[in-house]
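As a plain string of letters, each chain reads:
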Amino acid sequence: MPGTALPVFPDDVPVHSLPTIDFELVKADDLAEIDRLWEAACDTGFLVNHGAEQEAKAMFELGAETFALPLEEKLNYEQGDSGRSFGYKKIGGNAVDAVWVNLTEFLNIAKDDALAFPEVVHRTYPPAVTAAMPSVVRPFVCKSLEVNITLLRIFTQRLGLPEGTLEELHARDLPSGSEARVTRTPPMPGKDTADRPAIGAHTDFGSLAFLHNILGGLQVLLPGQTEWGYVKPIPEHAICNVGDALTVFSGGILKSSVHRVVAPPGAQGEHERWSLVFHTRPNGAQVLRALVEDSPVIAESARQYPKGNFETGSTVAEWYARRTKYQRLGNREGPQSWTASRGTEHDPAAR
């Protein structure tokens, strides 16, 4: 569980080094650091020193307490097959590609439920989570929003959008799919599981992911490359990925990162892998399309792609529900179900 002494990350595996961004410099409007942030968001993703160590530690401890419950009790809070993400997902409940099922269990807690507590907006959660909502979950959600909204403010400026545009599309007080997720993956030792994905190759559904890893296992596929590389966890840093929504809103300027999770490398594979992420997603009622009318920069970028490439024909909530629904094994009817769950990683023209 989190806090256990763990083997070091090995030095003999392929690694993709992501840029490390100093969030304090970003908040201070340091132009050089903001330039580095922008370049990374348009290309690879990045690591950021976030200042959320205590909030993340408390969330990991809450996850360990929750996952220790009997399976039949956890299943009372299952997310189900309707396309709703919030709640518990058991090991093997989702597909990771057209063949394999996933090897993780996770719990998703809605931003809306955390901020509105004790009011229930979307659903209820296990008793330990409910008891910890004001003291553990809400502080982590608020800290994550602080980081991600700061990044969205900068992206608004660099995309030539009117002041406040992206912040308004991610309003704290409007319903959205934003959520905190704690994930546990059982040990995956040995060669038999080394290349089997615990979570398959994908882009994130929303706008920004704020990801805390304790062990290795996360791999990224950089633009123009064919070899996966591990991202080495760095203490007191989170990995930030751009998601599909920002790729679409920006007309392809901001790039959603293709990534997956495999067995932690080397001796780390003999241990449970824990991760914690906050997904910032736009207001559910927002139509997901390029903001070409609001920015000549975005309009020019969108013109470089096939016509209609960034016209999804759906709201954010519909896009999110589709991707969630067709990953569920209960909805699998064949390979076409996996295809129906895909986002921009399934469309090279969007990349």
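Everything below is about the structure shown above.
Residues numbered from 1 in each chain as written. Predicted model: local features only at pLDDT ≥ 70, side-chain atom pairs only at ≥ 80, totals over all residues. Heavy atoms only, no water.

## Quick look at the overall build of the chain
The number of helices and strands found in the chain is 11 helices and 14 strands. Considering the chain as a whole, with its 351 residues, one finds that 56% of them fall into the buried category. Counting every atom, the chain has about 14500 Å² of accessible surface; 54% of that belongs to carbon and sulfur. (Helix = DSSP H or I, 4+ residues; strand = E, 2+ residues; numbered from the N terminus. Buried < 20%, exposed > 50% of the residue type's maximum accessible area, 1.4 Å probe, protein only. Areas by Shrake-Rupley, 256 points an atom, 1.4 Å probe, with all protein chains shown as cover.)

## Remarks on the side chain of Asp-244
If you trace the backbone, Asp-244 turns up in helix α8 (residues 244-249). At 3.4 Å, the side chain of Asp-244 forms a polar contact with the side chain of Ser-256. (Polar contact = N/O pair within 3.5 Å; in protein donor to acceptor, adjacent residues only side chain to side chain.)

## Regarding the nonpolar core
The biggest cluster of nonpolar side chains holds 67 residues, and the ones touching the most others in it are Phe-46, Met-59, Val-137, Phe-155, Leu-166 and Leu-246. With 14 residues, helix α6 (residues 127-158) is the largest single contributor of residues to this core. Residue contacts for Val-137: discarding those within four places in its chain leaves Met-59, Leu-62, Ile-109, Ala-114, Val-129 and Ala-132. Residues Leu-47, Leu-211, Leu-218 and Val-277 belong to the second largest nonpolar core, which totals 15 residues. (Core = buried A, V, L, I, M, F, W, Y, C linked by side-chain atoms within 4.5 Å. Contact = heavy atoms within 4.5 Å.)

## What to know about α6
With 32 residues, α6 should cover 46 Å at 1.5 Å per step; its first-to-last C-alpha distance of 44 Å lies within 8% of that length. Taken from the residues just after α6, Gly-160 is the one with a positive phi, measuring 70°. (Expected span 1.5 Å × (residues − 1).)

## Things to note about helix α2 (residues 31-41)
Note: α-helices contain 3.6 residues per turn, so residues at a spacing of three or four share the same orientation. All buried positions along α2 are accounted for by Glu-33, Ile-34, Leu-37, Trp-38, Ala-40 and Ala-41. Down the axis, α2 shows its buried residues gathered within 165° of arc, on one side only. Seen from the buried face of α2, the exposed residues on the opposite side, beyond 90 degrees, are Leu-31, Ala-32 and Glu-39. Contacts from the buried residues of α2 go to β1 (20-22), α1 (23-27), β2 (46-49), α6 and β10 (237-242). The backbone nitrogen of Ala-32 has a side-chain oxygen 3.2 Å away, supplied by the residue at the start of α2, namely Asp-30. (Arc of directions from axis to C-beta.)

## Notes on the pattern of salt bridges
What the rule picks out here adds up to 16 salt bridges. Of the charged contacts in the structure, one is a salt bridge between Lys-27 and Glu-24, with a shortest N-O distance of 3.3 Å. One end of the pair, Lys-27, and the other, Glu-24, are both in helix α1, three residues apart, so they sit about a helical turn from each other. According to the relative accessible area criterion, Lys-27 is partly exposed, its value standing at 34%. Measuring nitrogen to oxygen at the nearest pair gives 3.7 Å for the salt bridge that ties Glu-146 to Lys-143. Separated by three residues within a single helix, Glu-146 and Lys-143 lie in helix α6, roughly one turn from each other. A relative accessible area of 32% places Glu-146 in the partly exposed class. Accessibility expressed as a relative area gives 17% for Lys-143, which makes it buried. Each of Glu-24, Lys-27, Lys-143 and Glu-146 takes part in a single network of salt bridges with overlapping partners. (Salt bridge = Lys/Arg side-chain N within 4 Å of Asp/Glu carboxyl O.)

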